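Structure at a glance
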Amino acid sequence: MSTDYKTRIREAILADLPDHNTLYNAPGQIGDGRLDGGLVGRPRPNGNRALKLAAVLVPVVDYENEPKILLTRRADHLAQHSGQVAFPGGKVEAEDGGPVSAALREAQEEIGLAAEYVDVAGFLSTYETGSGFRILPVVGFVRPGFQLEIDHNEVAETFEVPLELMINEANYNRHEIEWEGRMEAYYAVEYEGYNIWGATAGMLRNLSRRMQT
Amino acid sequence: MNDDAPTQNALQNVIAQAQKADGGSDGLPPVHLWEPDYCGDIGLHIARDGQWYYAGSPIGRKRLVRLFSTILRHDDDGEHYLVTPVEKIRVGVEDAPFVATLMQVTGVGRDQVLRFETNVHDFATAGAEHALRIELDPNDKTPSPYIHIRARLEALISRAVFYDLVALGETVDDQFGVWSENVFFPIAPAADVEAWLEDDA
């Protein structure tokens, strides 16, 4: 992988934090049900109820020869999204300084990743989930040498996927399932027994598309 | 020949002394009361991202870094030192000795309260006692924000936290800045901020 991958990522993503309206009032810029961008007018799976803002960290670990994306697999006993592959992150709480602080706080709480190892590079489009969240993906370069401490109440394990694999749009397979009486589509990438799909795959595919255009 | 031996010993002595030191009411050793003789530079260094180095190698043990941070002092000569009752060792500091990596906010308007947490787990609430200040690079006007932690020690506010900080900003008398505990901290002239936003449009 070329050594200037950081420049390529920085040029592909949003350098500025999206404005207040985009974060707190607007629909997600992309999302479940509008996987390929566009089609904002499509009815939301949950109707028009207010979305809750969540922030996730997209951690790109800066290994010298092969940068990797750090992912979690959520604990199997959770009520929502149990066992699924996810970025560290969660709901932006009232006391968080903002969505970036929230993403870093959650990463620290869930997997013990100290915020000082993370150099925030920018942001991806907000992603609206069928479960009623508007997710802001915060892209950060992570300096190797960190130690993780997993909170097993929330996370079953962490693993790493080569960045190269995830920024190649051809690796994303489109699937369709019947969900509550209608067909829904999602993308998935399989890697060493892990199934990366749904919102996590949607956000990473957005990164892959941005890096190819 | 072993050139490392004296510096290794100096470091071991500092660690032993620091562990012995009694914390005051704030849990921190009274470094301002100690006036040991200067013992030299043994290759301790804090990079801009807050990582501590000893002889070029990162110090990975967080508890050791935390311990060192409690006996750090910023003296009149502009230098930073680790001090114990019997040692004083120079620490090279690339920018600020600490990095503020997380921020919490409560309240709104003038009553807004911004609380920062550093990489070594100190906390500081911006206000009359802890100033927040911005330095602009004279060449490219890149802002470097700092929050005062204690005595003459500051933390560089990380890029991550600065994103959230700017999102909380408002304009008062032609200055763009943030409120915390009834103090307004300017970040930049409002006209400059408008120009940044137009650049992005």
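One can find the structure itself at the top, above this paragraph.
Now for a quick tour of the structure. (Residues numbered from 1 in each chain as written. Chains lettered and ligands numbered in written order. Predicted model: local features only at pLDDT ≥ 70, side-chain atom pairs only at ≥ 80, totals over all residues. Heavy atoms only, no water.)

All names here are of chain B. Taken in spatial order, the six strands make up an open sheet running E3-E2-E1-E6-E5-E4, and their pairing is mixed. Only two strands of the sheet have a single neighbouring strand rather than two, namely strand E3 (57-58) and strand E4 (72-74). The pairing of strand E2 (residues 52-54) with E3 spans two bridges and is classified as antiparallel. Across the sheet, the residue bridging to Tyr53 is Pro58, located in E3. (Pairing = 2+ DSSP bridges. Helix = DSSP H or I, 4+ residues; strand = E, 2+ residues; numbered from the N terminus.)

Quick look at the layout of surface pockets now. All names here are of chain A. Here the second largest pocket defines a volume of roughly 1100 Å³. Contributing to the lining of the second largest pocket are 38 residues, with Asp32, His81, Gln84, Thr129 and Ser131 lying nearest its centre. Residues belonging to the lining of the second largest pocket are distributed by class as follows: 17 nonpolar, 12 polar and nine charged. (1 Å grid on protein atoms, 1.4 Å probe; cavity = no way out; pocket = protein on both sides within 12 Å on 5 of 7 lines; lining within 4 Å. Points joined across faces, edges and corners; volume = space filled by probe spheres on them. Nonpolar A, V, L, I, M, F, W, Y, C, P; charged D, E, K, R; others polar.)

With 49 residues, the main nonpolar core has Leu44, Phe68, Phe116, Leu132 and Ile147 of chain B as its most contacted residues. Here this core takes five residues from helix H1 (residues 4-20) of chain B, the largest share from any one element. When residues no more than four places from it in sequence are discounted, the contact partners of Leu44 of chain B are Leu11, Tyr53, Tyr54, Ile59, Phe68, Leu82, Ile89, Arg90, Val91 and Gly92 of chain B. By size, the runner-up hydrophobic cluster in this structure holds 37 residues, among which are Leu163, Tyr172, Ala201 and Leu204 of chain A. (Core = buried A, V, L, I, M, F, W, Y, C linked by side-chain atoms within 4.5 Å. Buried < 20%, exposed > 50% of the residue type's maximum accessible area, 1.4 Å probe, protein only. Contact = heavy atoms within 4.5 Å.)

A few words now on the pattern of salt bridges. All told, the structure shown has 24 salt bridges over all chains when counted by the stated rule. As a salt-bridge pair, Arg73 of chain A and Asp76 of chain A come within 3.4 Å of each other at their nearest N and O atoms. Among the residues examined, Asp76 of chain A registers a relative accessible area of 55% and is labelled exposed. The closest approach of N and O atoms between Arg90 of chain B and Glu79 of chain B, which form a salt bridge, is 2.9 Å. With a gap of 11 residues between them, Arg90 of chain B in strand E6 (residues 88-93) and Glu79 of chain B in the loop between E4 and strand E5 (80-83) connect regions that are remote in the sequence. Taken together, the shared-partner salt bridges connect Asp96, Arg105, Glu106 and Glu109 of chain A into one network. (Salt bridge = Lys/Arg side-chain N within 4 Å of Asp/Glu carboxyl O.)

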